[in-house]
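Single-letter residue listing:
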Amino acid sequence: MKAYTLKILLNDSSPSVWRSLKVPAFITFQRLHEVIQGAMLWQDYHEFEFVTLEDTYRFVGDQEIIDEQNAMDEQDRPKWQYKLAKKVQIDRFLTRDKKVFYTYDFGDYWNVDVTLESVCEDYDKPYATCLAGEHPAPPEDVGGWDGFQQFLEAFRDPANEDHEEVLEWSEGWKDKFDKRSINAALRKIILKRPSPASSRASKAVQPQVDNVIDLSSPRAKWLALPQSLREQLLRNAYCPHCGITEIVNYHISSEKQMVYIEGKCKKCGKTINRCLD
């Protein structure tokens, strides 16, 4: 069967964290998300999105995000369309553009380039295969690149006062590229051909108006903000213990008509929040 060799590169990593993966060409973006999770040995704790090369479409796993966009007035909608990742196959976009962009965990904010390197016609496995790679991906919820650097310092130094705590917290994380563990994880993700309905939806990729939702909801207000402003709000929060910091592992909530970002301080891990209004 037809398959793609994809290079998965974790942006801003130094040294570069990358994987070379062979995947069946028929899979959806939802399944590609699951494959990347396996290749990085992540646990799929957080939301994700794929962005096409021209930023025309964004493929997500949460139907609520799509419903919120469809309920917006035309002039308030962003330039891209959100589509459900499980309904769109990767082949149309990778064969045309050769690249898509993947973001996972909007707290730690891992950005990944997915590049088509080659095509084969005789792949015979119902799962993806890791062919090569270098360096381990950061563990889940480590706090972005700054948190990962602090984690590595404690992890690698038995004399560090946080060493034992970090070892326990990381639950078996390995400070090396572990091809055997990656392929064991990938073999558990059985990739089946999508239904004819999914294939038709992938070809159409047409906007659909679903249920109208309450645009005053906290999440709707948050998503209505430009992405640059959302990032600024997350990175300029106040922690009573650390001063100016970044909020990670956050969620959006409301109280008495006020909308809040509530999460963890990236520096100390304590719960903090800030108001949007």
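Residues numbered from 1 in each chain as written. Predicted model: local features only at pLDDT ≥ 70, side-chain atom pairs only at ≥ 80, totals over all residues. Heavy atoms only, no water.

A.B. asks: Mind showing me how you'd approach the sheet that holds strand β5 (residues 81-84) here?
C.D. replies: Backbone-to-backbone hydrogen bonds pair the strands of a sheet. The strands run either parallel or antiparallel. With mixed pairing, 8 strands are arranged side by side in an open sheet as β5-β4-β3-β6-β7-β1-β2-β8. In this open sheet, the two edge strands, each paired with only one partner strand, are β5 and β8 (129-134). Strand-to-strand twist of the sheet, defined as the mean angle between neighbouring strand axes without regard to direction, takes the value 25 degrees. Relative to β8, strand β2 (residues 17-24) runs antiparallel, the two sharing 5 bridges. Note on β8: the bridge partner recorded for Arg19 is Gly133. Packed on one face of the sheet, helix α6 (residues 179-187) meets β2 and β8 and runs near 145 degrees to β8. (Pairing = 2+ DSSP bridges. Helix = DSSP H or I, 4+ residues; strand = E, 2+ residues; numbered from the N terminus. Axes fitted to C-alpha atoms, helices over the stretch in contact; angles between N-to-C directions. Contact = heavy atoms within 4.5 Å.)

A.B. asks: Explanation requested: unusual backbone geometry in the structure shown.
C.D. replies: Among all residues except glycine, the phi angle is most often negative; among peptide bonds, the trans geometry is most common. Cis geometry marks the peptide bond from Ser14 to Pro15, where omega comes out at 0 degrees. Along the polypeptide, Pro15 turns up in the loop between β1 (3-10) and β2. For Asp105, which is not a glycine, the phi torsion comes out positive at approximately 65 degrees. The phi dihedral of Glu171 falls on the positive side, at around 50 degrees, and the residue is not glycine. Relative to the helices and strands, Glu171 resides in the loop between α5 (163-170) and α6. Since its relative accessible area comes to 70%, Glu171 is described here as exposed. (Buried < 20%, exposed > 50% of the residue type's maximum accessible area, 1.4 Å probe, protein only.)

A.B. asks: Sorry if this is basic, but what is going on with the side chain of His163 here?
C.D. replies: For His163, the location among the structural elements is in helix α5. The residues contacting His163, other than those within four sequence positions of it, are Ala154, Phe155, Asp157 and Pro158.

A.B. asks: What is the right way to look at the packing of aromatic side chains in this model?
C.D. replies: Aromatic rings considered in pairs are described by the distance between their centres and by the relative angle of their planes. Under the criterion given, the structure shown has 21 aromatic pairs. Consider the rings of Phe155 and Trp173, whose centres lie 5.1 Å apart with planes at 85 degrees: the pair is edge-to-face. Here Phe155 is found in helix α4 (residues 144-156), whereas its partner Trp173 is found in the loop between α5 and α6, with 18 residues between them in sequence. When the ring centre of Trp18 is taken as origin, the NZ or CZ atom of Lys7, which lies over that ring, is 5.5 Å away. Against the face of Trp80 rests Arg58, its NZ or CZ located 3.6 Å from the ring centre. (Phe/Tyr/Trp six-rings, centres within 6.5 Å; stacked < 30°, edge-to-face > 60°. Lys NZ or Arg CZ within 6 Å of the ring centre and 35° of its normal.)

A.B. asks: Where do I start with a negative patch on the surface in this structure?
C.D. replies: A cluster of like negative charges, contributed by Glu161, Asp162, Glu164, Glu165, Glu168 and Glu171, occupies part of the molecular surface. Residue placement: Glu168 occurs in helix α5. Judged by relative accessible area, Glu168 falls into the exposed class, the value being 66%. (Patch = residues over 30% accessible without salt bridge, like charges linked within 9 Å, V, L, I, M, F, W, Y side chains within 5 Å. Areas by Shrake-Rupley, 256 points an atom, 1.4 Å probe, with all protein chains shown as cover. Salt bridge = Lys/Arg side-chain N within 4 Å of Asp/Glu carboxyl O. Lys, Arg positive; Asp, Glu negative; His and termini not counted. Charge placed at Lys NZ, Arg CZ, Asp CG, Glu CD.)

A.B. asks: What should I look at first to understand the state of the cysteines in this one?
C.D. replies: Disulfide: a covalent bond formed between the sulfur atoms of two cysteine residues. Scanning the entire structure with this criterion turns up 0 disulfides. The thiol of Cys265 is unpaired, and the distance to the nearest cysteine sulfur, on Cys268, comes to 3.7 Å. (Disulfide = S-S within 2.5 Å.)

A.B. asks: Explanation requested: the nonpolar core in the structure shown.
C.D. replies: Across soluble globular proteins, you tend to see nonpolar side chains buried next to one another. With 48 residues, the main nonpolar core has Leu6, Val23, Phe29, Leu32, Phe50 and Val114 as its most contacted residues. Here this core takes 6 residues from helix α1 (residues 29-40), the largest share from any one element. Leave out the neighbours within four places in its chain, and Leu32 touches Leu6, Ile27, Phe50, Ile90 and Val114. (Core = buried A, V, L, I, M, F, W, Y, C linked by side-chain atoms within 4.5 Å.)

A.B. asks: Can you walk me through the layout of surface pockets in this structure?
C.D. replies: A probe as big as a water molecule, rolled over the atoms, marks out the empty space that is left. Each pocket or cavity is described by its volume, and for the largest pocket that value is around 560 Å³. Lining the largest pocket are 19 residues, with Val142, Trp169, Lys266, Lys267 and Cys268 positioned closest to its centre. Those elements giving two or more residues to the lining of the largest pocket turn out to be α4, α5, β11 (247-255) and β12 (258-265). The element that contributes the greatest number of residues to the lining of the largest pocket is α4, accounting for 4 residues. Across the lining of the largest pocket, the residue classes break down as 8 nonpolar, 5 polar and 6 charged. (1 Å grid on protein atoms, 1.4 Å probe; cavity = no way out; pocket = protein on both sides within 12 Å on 5 of 7 lines; lining within 4 Å. Points joined across faces, edges and corners; volume = space filled by probe spheres on them. Nonpolar A, V, L, I, M, F, W, Y, C, P; charged D, E, K, R; others polar.)

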